[in-house]
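Architecture at a glance
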Amino acid sequence: MEEYPTKQPTENLDDPPNSRLFVVTSRSITEDALRDAFSVFGDIQGVWVVKDKQTKESKGICYVKFSKSSQACLAMEEMHGKQLAEASKPVKVFIAQSRSSTRHRDVEDEELTRIFVMIPKSFSEEDLKDTFKEYGDIEYCVIIKNKFTGESKGLGYVRYYKPSQAAHAIENCDKTYRAILAEPRTKATSTEDYSGGSNRGEYMGSNDTMNQYAPPMGDPGNYQAMDFRSADFTRSLMVSTRAAVTQEQIFALFDIIPGMEYCELQRDSYGMSKGHALIRYSNLGSAVYAKEKLNGFEHPPGNRLVVNFVDDGEDRNSPVGRMAMQFVAAQMMSSVWNGPSNSQVMKPPGFSSVSTMSRVQTDVNLPPLKKLAPPDSKTKERLFVVFSPAQLPPDVLEDVFCRFGSLIEVHLVPGRKVGYMKYAEKQCADDALAALHGRVVNGVKMKPAATVMTLTPDPTDRPTSSPPPDL
DNA sequence: CGACGGGACGC
DNA sequence: CGACGGGACGC
């Protein structure tokens, strides 16, 4: 009759996301008491009371895993503050931090009540509300619009009052909405007041510009003393990656440069990498230096990281920015020679040769690199490319296919040996096709072919010359 | 304040 | 031979 196994594999703890509770309670509360109290809210997959290794006594902490996030959220909402037994202290109930996360602050309702959805461009905020109100009371709906034209970008936010409502929406709404929990806004400007009612005032009370929710992850070490360190010079970087990387990998890489105060890989609702990480250093120099050295760094090999400043309109090439960077560089060099002046570990092997290696080996005589066309360029031609024996990494493909000009985007079909190269000019696509058909890059044979555009193009736009070879 | 076990897959 | 993703908030 083991309906509810107490154990489950570690890899299921966060699946689905936010389906596990962190419960702080009296040390006297037993697993059975917890199970009794929480099982009415859903299917419990496991209960674990954390005990002292030696004494085997409960530490007053436990985890309760549900099969669904909505069940866990409901249990949290209903049980928080309740007494599980006579004379026991009221329980505190939170959604457990995912096991892969290194953060230590509680998961707040703020992070669990807003969803992010893809909607038809024709949707008004009223339509959005009407669609999602069946899952719970909505505090507000917002559609992301073009700032100038006011046209919808087909994306929206829905804020519910309770985490269980947001979870319910994510679990049950039509898949085409692709509902996920919204990432909290990154800049804590905090004076938002959508409701007129309950004031979400967690951010109030901090009257300086230091960031309130930065876990002190890096060790600022000796560099705090430098003149460049001040809230005014605090700078953030955005790291983009196309291949999967872990939070730990990004952390380790950017922690090489002293002064990292914040590092978070942004995740989607399934806990996978979304391809972006936010890094913040305590000072401008470290941020400038990190971008200088790590932009283009391949990690893992073949996956080029792109590092940019989070755009705030500041000029990084200002004399003070360069001085700040040189200051950090000098500190790091001296630390390499003299040994670390603090607990920080410097540089991985090959650090100095960042981004100097070519990642493309081919017999094709390639033209030089060309800039990509802007992402919003209209696609005039797509090449359908078949790879053998396997796909090439997207950054390698971008490197190769951009060289004929006007490349907008590389798109690989997941799990298949094919992909698309989008071009803003037909001639460029034709040139790439002619130069690359049947050629080998990094041991992979490529067979690009022109595709039929679904949106019928202007006939005057299609020259009759140079038909695709070999087809 | 209050954060992560014990035991060991299966053809 | 082969075939279709994505996605972020005026401070």
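Quick caveat, the model's predicted, so the values are computed rather than measured.

Let's shift gears to the packing of helix 2 (residues 69-79) against helix 4 (residues 163-172). In the contact formed by helix 2 and helix 4, the axes pass within 8 Å of each other and the chain directions differ by 170 degrees. On the basis of the axis angle, helix 2 is roughly antiparallel to helix 4. Residues Ser69, Ser70, Cys73, Leu74, Met76 and Glu77 of helix 2 form the contact with helix 4, whose participating residues are Pro163, Ser164, Ala167, His168 and Glu171. Its residues placed into classes, the contact of helix 2 with helix 4 shows 5 nonpolar, 4 polar and 2 charged.

For the rest of this paragraph, the subject is the sheet that holds strand 4 (residues 92-95). Overall, antiparallel pairing links the 4 strands, which are arranged 2-3-1-4 in an open sheet. If you trace the sheet from one side to the other, it starts and ends with strand 2 (44-51) and strand 4, each paired once. On average, each strand axis in the sheet is tilted by 20 degrees relative to the strand beside it, whichever way the strands run. For strand 2 and strand 3 (residues 58-66), the ladder comprises 7 bridges, and the chain directions are antiparallel. Following the sheet pairing, Gly46 is matched in strand 3 by Lys65. Here helix 1 (residues 31-38) sits on the sheet in contact with strand 1 (20-24), strand 2, strand 3 and strand 4, set at roughly 145 degrees to strand 2. The strands touched by helix 2 are strand 1, strand 3 and strand 4; relative to strand 4, the strand with the most contacts, the crossing angle is about 155 degrees.

Another point: the sheet that holds strand 15 (residues 418-423). Across the sheet, which stays open at both edges, the 5 strands sit in the order 14-15-13-17-16 with antiparallel pairing between neighbours. For this open sheet the edge positions go to strand 14 (407-412) and strand 16 (440-441), each flanked by a neighbour on one side alone. The pairing of strand 16 with strand 17 (residues 444-450) spans 2 bridges and is classified as antiparallel. Its bridge partner lying in strand 17, Val441 is registered against Val444. Each of strand 13 (381-388), strand 14, strand 15, strand 16 and strand 17 is contacted by helix 8 (residues 394-401), which is oriented at about 145 degrees to strand 14, the strand it contacts most.

Our next topic: helix 6 (residues 284-294). Most of helix 6 is tucked away: 8 of the 11 residues are buried. Those residues of helix 6 not exposed but buried are Leu284, Gly285, Ser286, Ala287, Val288, Tyr289, Ala290 and Leu294. The opening residue of helix 6 is Asn283, an N-cap whose side-chain oxygen sits 3.0 Å from the backbone nitrogen of Gly285. Immediately beyond the C-terminal end of helix 6, within one or two residues, lies Gly296, with a positive phi of roughly 90 degrees.

Core analysis: the biggest nonpolar cluster contains 28 residues, and Leu237, Val239, Ile250, Phe254, Ile257, Ile279 and Tyr281 have the highest contact counts within it. Looking at this core element by element, the count peaks at 6 residues for helix 6. When neighbours within four sequence positions are excluded, Ile250 is seen to be in contact with Val239, Val245, Cys263, Ala277 and Ile279. Formed by 26 residues, the second largest nonpolar core is a distinct cluster that contains Phe387, Leu407, Ala432 and Leu436.

Conventions adopted
- Residues numbered from 1 in each chain as written.
- Chains lettered and ligands numbered in written order.
- Predicted model: local features only at pLDDT ≥ 70, side-chain atom pairs only at ≥ 80, totals over all residues.
- Heavy atoms only, no water.
- Axes fitted to C-alpha atoms, helices over the stretch in contact; angles between N-to-C directions.
- Helix = DSSP H or I, 4+ residues; strand = E, 2+ residues; numbered from the N terminus.
- Parallel < 35°, antiparallel > 145°, perpendicular 65-115°, else oblique.
- Contact = heavy atoms within 4.5 Å.
- Nonpolar A, V, L, I, M, F, W, Y, C, P; charged D, E, K, R; others polar.
- Pairing = 2+ DSSP bridges.
- Buried < 20%, exposed > 50% of the residue type's maximum accessible area, 1.4 Å probe, protein only.
- Polar contact = N/O pair within 3.5 Å; in protein donor to acceptor, adjacent residues only side chain to side chain.
- Core = buried A, V, L, I, M, F, W, Y, C linked by side-chain atoms within 4.5 Å.

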